[in-house]
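# Summary of structural features
Read off the chains here:
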Amino acid sequence: MGLEEKIPEGILLTTVDKMTNWARKSSLWPLGFGLACCAIEMMSTYGPRFDLARFGMEVMRPSPRQADLMIVSGRVSNKMAPVLKRLYGQMPNPKWVISMGACASTGGVFNNYAILQGVDKILPVDIYVPGCPPRPEQLIEGIVKLQEKIKSESVRRKKK
Ligand code: SF4
């Protein structure tokens, strides 16, 4: 007799990792802020046309203490970098970062003294979304890729 036949109906077998990762990936709460033109595309991603509610994450949080996803949408000035670092530090673990657009990922066309040449110099980026600006569909793809990554993580240790 197989294990399935011995278990009464209504009992579900799974692992802590699978349950936790399912819950985490299905309820990402992004920190609500935008840095430059990419933020306009990010805002439209939350609108009715693209409807991020389908992914369980339409609730933008005004406080970093309630957020677990930082979407860096736009260029990061050197003046803004310490603020970003502080906000990231105030987010509870586990937390994730999406770098949205060429400027956030590399400085883009702004190769000058005022702009950070990639937000990964100060934050651990999980997903890079290319483009200038990326379309909402691209950001959604980045979010789906992040969800796939979260599915492979463990509650004991965050895989990088
Ligand atoms: S990548 Fe393009 S759209 Fe985004 S912040 Fe830079 S210049 Fe603006």
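Summary of the structure given here. (Residues numbered from 1 in each chain as written. Predicted model: local features only at pLDDT ≥ 70, side-chain atom pairs only at ≥ 80, totals over all residues. Heavy atoms only, no water.)

## What about the packing of aromatic side chains?
The cut-off we apply is this: What counts as a ring pair is set by centres within 6.5 Å for rings of Phe, Tyr and Trp (its six-membered ring), and what kind of pair is set by the plane angle: stacked under 30 degrees, edge-to-face over 60, tilted for all other angles. Any Lys NZ or Arg CZ found within 6 Å of a ring centre and within 35 degrees of that ring's normal is scored as a charge over the ring.
Applying the stated criterion to the full structure yields 0 aromatic pairs. It is arginine 61 that lies over the ring of tryptophan 29; its NZ or CZ is 4.7 Å from the centre. Over the ring of tyrosine 88 we find lysine 95, and its NZ or CZ is 4.3 Å from the ring centre.

## Considering the pattern of salt bridges
Short version of the rule: Throughout this description, the term salt bridge denotes a Lys or Arg side-chain nitrogen within 4 Å of a carboxyl oxygen of Asp or Glu. Secondary structure follows DSSP: runs of H or I at least 4 residues long count as helices, runs of E at least 2 residues long count as strands, and numbering of each begins at the N terminus. Exposure is judged per residue with a 1.4 Å probe applied to protein chains only, and the accessible area is read against the type maximum: over 50% gives exposed, under 20% gives buried, and values in between give partly exposed.
All told, the structure shown has 3 salt bridges when counted by the stated rule. Residue arginine 135 is joined to glutamate 137 by a salt bridge in which the shortest nitrogen-to-oxygen separation is 3.3 Å. With a shortest N-O distance of 3.5 Å, glutamate 141 and lysine 145 are connected by a salt bridge. Here the residue glutamate 141 and the residue lysine 145 both occupy positions in helix α6 (residues 136-151), the gap between them amounting to 4 residues, near one helical turn. Using a relative accessible area of 42% as the deciding quantity, one classes lysine 145 as partly exposed.

## Thoughts on the nonpolar core
When a protein is soluble and globular, its nonpolar side chains tend to lie buried together. Where we set the bar: Take the buried residues of types Ala, Val, Leu, Ile, Met, Phe, Trp, Tyr and Cys, join any two whose side-chain atoms come within 4.5 Å, and each joined set is a nonpolar core. Whether two residues touch is decided by their heavy atoms; if any such pair falls within 4.5 Å, the residues are in contact.
Judged by nonpolar contacts, the single largest core of 20 residues is most densely connected at Leu52, Met57, Leu69, Ile71, Ile98, Leu139 and Leu146. Within the residue set of this core, elements represented by two or more residues are α3 (38-45), β1 (69-73), β2 (96-100), β3 (127-129) and α6. The biggest single contributor to this core is α6, with 5 residues. Residues in contact with leucine 69, not counting those within four places in the same chain, are Trp29, Pro30, Leu31, Met57, Met91, Trp96, Val97, Ile98 and Leu146. One finds Phe33, Ala67, Val72 and Ala104 within the second-largest nonpolar core, a separate group that totals 17 residues.

## Section: the side chain of aspartate 68
Let me state the cut-off plainly: Residues scored as positive are Lys and Arg, those scored as negative are Asp and Glu, and His as well as the terminal groups of each chain are ignored. Within 3.5 Å is the distance limit for a polar contact, defined as a pair of N or O atoms, with the added protein rule that one can donate a hydrogen and the other accept it, and that residues adjacent in sequence qualify only through two side-chain atoms.
The topology assignment puts aspartate 68 in the loop between α3 and β1. No salt bridge is formed by the buried aspartate 68. Its closest oppositely charged neighbour is arginine 24, at 7.0 Å. For aspartate 68, the side chain forms a polar contact with the main-chain nitrogen of tryptophan 29, separated by 2.8 Å. Sequence-distant contacts of aspartate 68, that is, excluding residues within four places in its chain, are made with Ser27, Leu28, Trp29, Met91, Pro94, Lys95 and Trp96.

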